[in-house]
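Take a look at the letters that make up each chain.
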Amino acid sequence: MTSILRSPQALQLTLALIKPDAVAHPLILEAVHQQILSNKFLIVRMRELLWRKEDCQKFYQEHEDSVVSASREIAAFFPDFSEQRWYEEEEPQLRCGPVRYSPEGGIHCAAGAEDPGPAC
């Protein structure tokens, strides 16, 4: 599915964490995914991981200040993701469109981009 997104303002990165009880039920997980899409969020990276209770506790303890910790949170889940590169290269393409959603990768990509990013 391709759509055109035009916005004069830069897009903002948001980290969405879907907790295990939702992931355990495929219908609930799909409903959450559809809710994200229906609210016109662009999914630019997606990853599944399994953490121990201790990992979760450490993560939440270190990331209590949501505004300041956003970059650290993204880096914790996507260590190869460069926020600066995304804002310089991918964000303008996604903001100005056209944008397509890749069901296989579960993310949005700039339609026709030379380097469409991972899983597009």
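Residues numbered from 1 in each chain as written. Predicted model: local features only at pLDDT ≥ 70, side-chain atom pairs only at ≥ 80, totals over all residues. Heavy atoms only, no water.

(A) Layout of the overall build of the protein. A tally of helices and strands in the protein yields 5 helices and 3 strands. Listing every helix and strand of the protein by position from the N terminus yields β-α-α-α-α-α-β-β. For the protein, the residues scored as buried account for 27% of the 120 residues in total. For the protein, restricting intrachain contacts to residue pairs at least 6 apart in sequence, the fraction spanning at least 24 positions comes to 61%. Carbon and sulfur atoms provide 55% of the accessible area of the protein, an area that totals close to 8,700 Å². (Helix = DSSP H or I, 4+ residues; strand = E, 2+ residues; numbered from the N terminus. Buried < 20%, exposed > 50% of the residue type's maximum accessible area, 1.4 Å probe, protein only. Contact = heavy atoms within 4.5 Å. Areas by Shrake-Rupley, 256 points an atom, 1.4 Å probe, with all protein chains shown as cover.)

(B) Geometry of the environment of Ala16. Within the secondary structure, Ala16 is located in the loop between β1 (2-3) and α1 (20-23). Among the residues examined, Ala16 registers a relative accessible area of 56% and is labelled exposed. Along the backbone, Ala16 and Met46 are 30 residues apart, and their C-alpha atoms lie at a distance of 9.4 Å.

(C) Summary view of the pattern of salt bridges. According to the stated counting rule, one finds 5 salt bridges in the structure shown. Arg45 is paired through a salt bridge with Glu90; the nearest N and O atoms lie 2.8 Å apart. Separated by 45 residues along the polypeptide, Arg45 in the loop between α2 (26-38) and α3 (53-62) and Glu90 in helix α5 (residues 83-96) bring together distant segments of the chain. In this structure, Arg45 and Glu90 share a single accessibility class: buried. On the basis of relative accessible area, Glu90 is assigned to the buried category, the value being 9%. A cluster of three or more residues bridged by salt bridges with shared partners is formed by Arg45, Arg85, Glu89 and Glu90. (Salt bridge = Lys/Arg side-chain N within 4 Å of Asp/Glu carboxyl O.)

(D) Here's a closer look at the nonpolar core. Within the largest apolar cluster, 11 residues are counted, these being Leu11, Leu13, Val44, Phe59, Ile74, Phe77, Phe78, Phe81, Trp86, Leu94 and Val99. Sorting the residues of this core by element identifies α4 (66-77) and α5 as the ones contributing at least two each. Excluding residues that lie within four positions of it along the chain, Phe78 makes contacts with Leu15, Arg45, Met46 and Arg47. (Core = buried A, V, L, I, M, F, W, Y, C linked by side-chain atoms within 4.5 Å.)

(E) The arrangement of the packing of aromatic side chains in detail. All told, the structure shown has 2 aromatic pairs when counted by the stated rule. Ring geometry for Trp51 and Phe77: centres 5.1 Å apart, planes at 20 degrees, overall stacked. Highlighted residues: Trp51 in the loop between α2 and α3 and Phe77 in helix α4, separated in sequence by 26 residues. For Phe77, a relative accessible area of 9% puts it in the buried group. Aromatic side chains Trp86 and Tyr87 sit 4.9 Å apart centroid to centroid with 80 degrees between the ring planes, which places their arrangement in the edge-to-face category. A relative accessible area of 2% means that Trp86 is categorised as buried. By relative accessible area, Tyr87 is classed as partly exposed at 29%. (Phe/Tyr/Trp six-rings, centres within 6.5 Å; stacked < 30°, edge-to-face > 60°.)

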